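What follows is each chain in one-letter form.
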Amino acid sequence: MKEILTKYMAKYTTLNEAEQQAVLDALTIEKFKKGSYLIKQGDSPTERCYFVLKGCVRQYQIHKYGKEVTTHFFTEEQAILLFNIEEREQLSNFSLTCLEDSILVVGDMISEQEIYKQYTELETMTRRMMENYLTKAQNESATFIRSSPEERYKTIIKNRPDLLIRVPQHQLASYLGMTPESLSRIKKRIQS
């Protein structure tokens, strides 16, 4: 699993092997069982952040009328950004739950700042990774807004086909902004 992190350090930093190993040794890697919550909607803000080495984590919220809306799926090599870290009095707007047994790098603001002091290039690496992630998320959001439900489904087939077998259909439908029945009709139409 740590080879994934080594790949990022090699891509974004000039840390030598010994420095990379020291960083890897300082990281906390945890296993989470399917169904585990990383945070629940309404919880106090967390200082924890995550990077998915293996597994699938679902981000969703429950609206006041009880409707559950999936807003994101995080899979291998994706960072899960902190929520409400600057607004201590605001409770979490989202829940994060593991859809599969997962292995995650778990960080917190205090240990992150300490390792950044020791290896300044890691802060640059993290910033570049977040810039790439935010650019991709912004593009995906713009595409989502202007796409029809069928086009959204085709985009998932093209860009994230693993979700089709990893995620329950009703959650995928919610993520795509449609009902499970509409998703079934679209799937049948495309397969015909």
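K.L.:
So what exactly am I meant to see when it comes to the pattern of salt bridges here?
P.N.:
In a structure, side chains of opposite charge can pair up when their charged atoms sit close to one another. Counted according to the given criterion, the structure contains 10 salt bridges. In this structure, arginine 48 engages glutamate 30 in a salt bridge whose closest nitrogen and oxygen atoms are separated by 2.9 Å. One end of the pair, arginine 48, is in strand S3 (residues 48-54); the other, glutamate 30, is in strand S1 (residues 28-32), with 18 residues separating them in the sequence. The partner of arginine 166 in a salt bridge is aspartate 162, and the shortest N-O contact between them spans 2.9 Å. Several salt bridges converge on common partners, so that one network encompasses Glu76, Glu100, Asp162 and Arg166.

K.L.:
So what exactly am I meant to see when it comes to the packing of helix H1 (residues 2-12) against helix H2 (residues 17-26) here?
P.N.:
Think of two packed helices as two axes; the pair is described by the angle between the axes and how far apart they sit. Running from amino to carboxyl end, H1 crosses H2 at an angle of 130°, the nearest separation of the two axes being 11 Å. When the axes of H1 and H2 are compared, the pair comes out oblique. The way H1 lies across H2 gives a crossing that is right-handed. Here Lys2, Leu5, Thr6, Met9 and Ala10 of H1 lie close against H2, whose contacting residues are Gln20, Val23, Leu24 and Asp25. Among the residues making up the contact of H1 with H2, the classes are represented as 5 nonpolar, 2 polar and 2 charged.

K.L.:
Is there a simple way to think about the pairing of strand S4 (residues 57-62) in this case?
P.N.:
Within a regular strand, the side chains alternate between the two sheet faces. Most of S4 is tucked away: 5 of the 6 residues are buried. By the bridge criterion, 6 bridges tie S4 to strand S5 (residues 68-74) in an arrangement that is antiparallel. When the sheet's bridge partners are listed, tyrosine 60 is paired in S5 with threonine 70. Counted along the chain from S4 to the antiparallel partner S5, the turn is 5 residues long, and its residue glycine 66 has a positive phi close to 90°. The pairing of S4 with strand S7 (residues 95-98) spans 4 bridges and is classified as antiparallel. Its bridge partner lying in S7, tyrosine 60 is registered against serine 95.

K.L.:
Would you mind going over the sheet that holds S4 with me for this structure?
P.N.:
Within a sheet, neighbouring strands are paired by backbone hydrogen bonds and run either parallel or antiparallel to one another. Pairing is antiparallel in the open sheet, where 4 strands are placed in the order S2-S7-S4-S5. On the outer flanks of this sheet lie strand S2 (37-39) and S5, each paired with one strand and no other. Neighbour-to-neighbour, the strand axes of this sheet turn through a mean angle of 30°, independent of strand direction. Here S2 runs beside S7; their pairing, made up of 2 bridges, is antiparallel. Its bridge partner being in S7, isoleucine 39 is matched across the sheet by leucine 96.

K.L.:
Help me out: how do you make sense of the packing of helix H5 (residues 149-159) against helix H8 (residues 180-191) in this one?
P.N.:
Closest axis-to-axis distance for the H5/H8 pair is 10 Å, and the angle between their directions is 70°. By the angle between their directions, the pair H5 and H8 is classed as roughly perpendicular. Judged by the sense of rotation from one axis to the other, the crossing of H5 with H8 is right-handed. Contacts between H5 and H8 involve Pro149, Glu150, Tyr153 and Lys154 from the former and Leu183, Ile186, Lys187, Arg189 and Ile190 from the latter. The class makeup of the residues in the contact of H5 with H8 is 5 nonpolar, no polar and 4 charged.

K.L.:
Help me understand the nonpolar core in this model?
P.N.:
If you look at the biggest cluster of nonpolar residues, it comprises 20 residues, and the most contacted ones within it are Tyr8, Met9, Val23, Phe51, Leu53, Leu122 and Met125. Secondary structure elements with two or more residues in this core: H1, H2, S3, strand S8 (102-108), helix H3 (109-118) and helix H4 (120-146). Broken down by element, this core gets its largest block of residues, 5 residues, from H1. Leucine 53 has contacts with Met1, Ile4, Leu5, Ile29, Glu76, Ile103, Leu104 and Val105, leaving out every residue within four places of it along the chain. With 14 residues, the next largest nonpolar core counts Cys56, Leu172, Tyr175 and Ile186 among its residues.

K.L.:
Any chance you could explain the sheet that holds S1 here in plain terms?
P.N.:
Taken in spatial order, the 4 strands line up as S1-S8-S3-S6 in an open sheet, and their pairing is antiparallel. With partners counted over all chains shown, the strands left at the sheet margins are S1 and strand S6 (79-80), one partner each. Sheet topology places S1 next to S8; 5 bridges connect them, and they run antiparallel. Bridging across to S8, phenylalanine 32 finds its partner in serine 102.

Cut-offs applied
- Residues numbered from 1 in each chain as written.
- Predicted model: local features only at pLDDT ≥ 70, side-chain atom pairs only at ≥ 80, totals over all residues.
- Heavy atoms only, no water.
- Salt bridge = Lys/Arg side-chain N within 4 Å of Asp/Glu carboxyl O.
- Helix = DSSP H or I, 4+ residues; strand = E, 2+ residues; numbered from the N terminus.
- Axes fitted to C-alpha atoms, helices over the stretch in contact; angles between N-to-C directions.
- Parallel < 35°, antiparallel > 145°, perpendicular 65-115°, else oblique.
- Left-handed = near helix turned anticlockwise from the far one by under 90°.
- Contact = heavy atoms within 4.5 Å.
- Nonpolar A, V, L, I, M, F, W, Y, C, P; charged D, E, K, R; others polar.
- Buried < 20%, exposed > 50% of the residue type's maximum accessible area, 1.4 Å probe, protein only.
- Pairing = 2+ DSSP bridges.
- Core = buried A, V, L, I, M, F, W, Y, C linked by side-chain atoms within 4.5 Å.

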